[in-house]
Amino acid sequence: PEERRRRVAPLPAAEAAEESLLRGIFEIGKRSCDVVLSARRLRWSPILPESPAGDSSMILQAQEEIMEMKDVFSVKLKRRRFAGQKKGGTLLGITIFKCLNKGGNKLTDCAIHLNNLSEDHCYLWFRHLKEILNGFQNRPKSLKVFVNPSSHKREATRVYYEQVAPLFKLADIKTDVTVTEYEGHALSILKECELQAFDGVVCVGGDGSVSEVAHGLLLKAQIDAGKGTAYIQKPVRAPIPLGVIPAGTANILAHTLYGIKHAVTATLHIVMGHIQPVDVCTFSTPKKLLRFGFSAMFGFGARTLALAEKHRWMPSDQRKDFAFIKTLADLKPEECELSFLPVQIPQEDSHVDNRNTLLYLGSKDQWHKIQGHFLNVSIMAIPCLCSMAPRGLAPNTRLNNGSMALIVVQNTSRKEFIKHLKRYASVKNQFNFPFVETYTVQEVKVQPRLKCGLDTKENTDLYAASSEGDYPWNIDGDLMKEASEVHIQVHPQLINLYGVNTDDLENSQATCNCI
């Protein structure tokens, strides 16, 4: 009896996954192949004629090829149809579509054709392949899509319908598409949307569009949880993931998630269900929640954006270049008080080399204050990679380490400030200046000091807001104006984004011979 029990004991999971489900013959690349399917892999090798002389070179030619099923995102029956024929046709075999990493963080799709004229044979294999694909977790079946037609060079609509939608259709993903008509359109829809009807939300646009959708998704989560939208101390997580298709100028979030601005790569991460938990910040006044976001700038970065927004009539690139140069020419510091709660690190980690980031070993809940004149203040929960800053605007932070980078640029000469800015585009340390300080923090409070009696020679475009008591903020590329103290708090892994950590991308290279 003991021997019988051992004989019928279930296989371990790894062995069960390798157990053959089907074995058959298909023509692949004009060669007859012996094909074996398991839950984990599809393997095939050419069927070669026997060699009477036992030629070893023939054996080498029959090397087995392997495709991991986790890389497959679609299976279709292959048919020959006449011109104009939409249904039916002569069955030729099965086509398998897989995701391929081409290096440089770029993903693409490739097709492998398994040819066999037997309908029974093909339908049997097709059913088994579909069952395996349906068993993968996190792969969306239904998506709510927002397309911002005004992003960058108005290319978002073309990007979606030419590059993104065909892959969603190929993967049998149903979509509900909204082409936004005005700023705040996506937010208003999300606040009323029944999110349980979808597996994820996708935004096709720039950083401002993505920020609006992320804010709307999290705001809807608070409403559904009965928390309201006033001051939220402990927000609940977003119920479904957010996908980002880059179609803007900087595309900081897309670069940070995928390591590249590439619509097909972003789409395939969504199709494959690659999930990355990401930290999110709340931006609040003492009385109300302003918005959810990933990063913010106060000072130079915000004033540049504010000036660019006033010149919307200019082409995108020209507008931003003009605003940058003009703000730099009229460079002036902001007088404010910064209060921050540093991240506490264990004593045993205190030997870590953090020459450019100040970490604290002090008591918990010990707030620190800095008062002075600052050219720029950045608060970032993610590294903020982009083509202009390949190492990131905040390279010392991560997507989900539960902390923010506080980067403070003290008042200095225009020449020194330009040197600091140029460092972002190079491999040199942009923080290695005596007037730049960085901190790893959990919370930050920014209290501007109202300028009284402004010099009439000061630029009215840049500083009119300050004289009225409203200070510009750049939150994820969106302009926000606020007069009172702004409290920024990081919330660990508050949202799931479709994508993978860029630290892991280069280590996941794959090869495939697409036939």
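You'll find the structure just up there.
Residues numbered from 1 in each chain as written. Predicted model: local features only at pLDDT ≥ 70, side-chain atom pairs only at ≥ 80, totals over all residues. Heavy atoms only, no water.

What exactly am I supposed to notice about the overall build of the chain here?
Each helix and strand counted, the chain has 14 helices and 21 strands in total. Considering the chain as a whole, with its 515 residues, one finds that 50% of them fall into the buried category. For the chain, contacts bridging at least 24 residues in sequence account for 71% of all contacts bridging at least 6. Surface accessibility of the chain: about 25,100 Å² in total, with carbon and sulfur atoms responsible for 50%. (Helix = DSSP H or I, 4+ residues; strand = E, 2+ residues; numbered from the N terminus. Buried < 20%, exposed > 50% of the residue type's maximum accessible area, 1.4 Å probe, protein only. Contact = heavy atoms within 4.5 Å. Areas by Shrake-Rupley, 256 points an atom, 1.4 Å probe, with all protein chains shown as cover.)

Could you clarify how one ought to interpret the nonpolar core in this entry?
Generally speaking, nonpolar side chains in soluble globular proteins are found buried as a group. In terms of nonpolar packing, the biggest core is built from 84 residues, with Phe73, Phe168, Val201, Val204, Leu242, Ile245 and Ile495 touching the most fellow members. Leave out the neighbours within four places in its chain, and Phe168 touches Leu143, Val145, Tyr160, Ile173, Thr175, Val202, Thr267, Ile270 and Val271. Core analysis: the second largest hydrophobic core is formed by 27 residues, Ile370, Ala381, Leu406 and Val441 among them. (Core = buried A, V, L, I, M, F, W, Y, C linked by side-chain atoms within 4.5 Å.)

Could you clarify how one ought to interpret the side chain of Thr397 in this entry?
Position of Thr397 relative to the elements: it lies in the loop between β16 (368–380) and β17 (404–410). In this structure, Thr397 is in contact with Met380, Ala381, Ile382, Pro383, Ser403 and Ala405, ignoring residues within four places of it in sequence.

Where do I start with the environment of Trp473 in this structure?
Note on placement: Trp473 falls in strand β19 (residues 471–475). Separated by 170 residues in sequence, Trp473 and Arg303 place their C-alpha atoms 7.7 Å apart. If we ignore the near neighbours within four places in the chain, the residues touching Trp473 are Ala296, Met297, Phe298, Ala302, Ile379, Val446, Asp478, Leu479, Met480, Glu482, Val486 and Ile488.

Mind showing me how you'd approach the packing of helix α11 (residues 316–329) against helix α12 (residues 414–423) here?
The axes of two packed helices give the description: the angle between them and the distance between them. For the pair α11 and α12, the least separation of the axes is 11 Å and the interaxial angle reads 145°. Together, Phe324, Leu328 and Ala329 of α11 and Arg414, Phe417, Ile418 and Leu421 of α12 make up the contact between the two elements. Looking at the contact of α11 with α12, its residues break down into six nonpolar, no polar and one charged. (Axes fitted to C-alpha atoms, helices over the stretch in contact; angles between N-to-C directions. Nonpolar A, V, L, I, M, F, W, Y, C, P; charged D, E, K, R; others polar.)

Where do I start with unusual backbone geometry in this structure?
Excluding glycine, residues mostly have negative phi values, and the peptide bonds linking residues are mostly trans. Notably, Asn251 is not glycine yet its phi reads approximately 50°, a positive angle. Mapped onto the fold, Asn251 is located in the loop between β11 (242–246) and α8 (252–258). Residue class for Asn251 comes out buried when judged on its relative accessible area of 2%. At Gln493, a position not held by glycine, the phi torsion is positive, near 50°.

Would you mind going over the packing of aromatic side chains with me for this structure?
Aromatic ring pairs are described here by two measures, namely the spacing of the ring centres and the angle between the planes. The full count for this structure, using the stated rule, is eleven aromatic pairs. When the ring of Phe300 is compared with that of Phe417, the centres are 5.1 Å apart and the planes differ by 75°; the resulting orientation is edge-to-face. In this pair, Phe300 is assigned in helix α10 (residues 300–309) and Phe417 in helix α12, connecting sequence segments 117 residues apart. For the pair Phe300 and Phe417, one class covers both residues: buried. An aromatic cluster is present here, built from Tyr160, Tyr161 and Phe168 joined pairwise through their rings. For Lys144, the ring lying beneath its charged end belongs to Phe146, and the centroid distance is 5.2 Å. The ring of Trp367 has Lys445 lying over it, and the distance from NZ or CZ to the ring centre is 4.8 Å. (Phe/Tyr/Trp six-rings, centres within 6.5 Å; stacked < 30°, edge-to-face > 60°. Lys NZ or Arg CZ within 6 Å of the ring centre and 35° of its normal.)

I keep staring at helix α5 (residues 156–170) and nothing clicks. Help me out?
Given 3.6 residues to a turn, an α-helix orients residues that are three or four positions apart in the same direction. Taking 1.5 Å as the rise per residue, α5 with 15 residues should run 21 Å; its terminal C-alpha atoms sit 20 Å apart, in good agreement. Val164 marks the point of greatest bend in α5, at about 40°, and the proline Pro166 comes within the next four residues. Along α5, the residues classified as buried are Ala156, Val159, Tyr160, Val164, Leu167, Phe168 and Leu170. Immediately downstream of α5, the backbone of Asp172 shows phi near 60°, a positive value. (Expected span 1.5 Å × (residues − 1). Bend = angle between axes of the 7 residues up to and from the residue.)

Mind showing me how you'd approach the environment of Lys445 here?
Its location among the elements puts Lys445 in strand β18 (residues 436–448). Take Lys445: its relative accessible area is 26%, and that puts it in the partly exposed class. Through-space distance from the C-alpha of Lys445 to that of Ser284 is 9.4 Å; in sequence the pair is 161 residues apart. Setting aside anything within four residues of it in sequence, one finds Lys445 in contact with Glu337, Leu338, Ser339, Trp367, Glu485, Val486 and His487.

What should I look at first to understand the pairing of strand β3 (residues 41–46) in this one?
Moving residue by residue along a regular strand, the side chains alternate between the two faces of the sheet. Alignment of strand β2 (residues 31–38) against β3, held across five bridges, turns out to be antiparallel. Directly across from Leu37, in β3, lies its bridge partner Leu42. Turn length for the β2-β3 hairpin, with the two strands adjacent in sequence and antiparallel, is two residues. Pairing analysis gives four bridges linking β3 to strand β4 (residues 65–68), with the strands arranged antiparallel. By the bridge assignment for β4, Trp44 is matched with Glu65. (Pairing = 2+ DSSP bridges.)

Help me understand helix α9 (residues 263–271), please; the structure alone is not making it clear to me.
The buried count for α9 comes to nine of nine residues, which makes it a mostly enclosed element. Taken together, the buried positions of α9 are Ala263, Val264, Thr265, Ala266, Thr267, Leu268, His269, Ile270 and Val271. After α9 finishes, the residue Gly273 shows a positive phi value of roughly 75°.

Looking at this structure, how should I read the pattern of salt bridges?
Side chains carrying opposite charge are able to pair once their charged atoms draw close together. According to the stated counting rule, one finds 19 salt bridges in the structure shown. Among the salt bridges present, the one from Lys70 reaches Asp71, with a minimum N-O distance of 3.5 Å. Between Lys261 and Glu155 there is a salt bridge; the shortest N-O distance is 3.9 Å. Here Glu155 lies in the loop between β8 (142–147) and α5 and Lys261 lies in the loop between α8 and α9, a separation of 106 residues in the sequence. Taken together, the shared-partner salt bridges in this structure form one network comprising Glu155, Arg158, Glu162 and Lys261. (Salt bridge = Lys/Arg side-chain N within 4 Å of Asp/Glu carboxyl O.)

Teacher, can you tell me more about the side chain of Thr267 here?
Along the chain, the position of Thr267 falls in helix α9. Here the side chain of Thr267 touches Ala263 through a polar contact of 2.7 Å, landing on its backbone oxygen. Excluding anything up to four places from it in sequence, Thr267 contacts Val164, Leu167, Phe168 and Ile245. (Polar contact = N/O pair within 3.5 Å; in protein donor to acceptor, adjacent residues only side chain to side chain.)

I would appreciate a short explanation of the packing of α10 against α11 in the present structure.
Running from N to C, α10 and α11 cross one another at 130°; their axes reach a closest spacing of 8 Å. Relative to α11, α10 is oriented oblique. The hand of the α10/α11 crossing is right-handed. Every residue of α11 that contacts α10 at Phe300, Arg303, Thr304, Leu307 and Ala308 is listed here: Arg319, Phe322, Ala323, Phe324, Lys326, Thr327 and Leu328. Grouping the amino acids of the contact of α10 with α11 by side-chain chemistry returns seven nonpolar, two polar and three charged. (Parallel < 35°, antiparallel > 145°, perpendicular 65-115°, else oblique. Left-handed = near helix turned anticlockwise from the far one by under 90°.)

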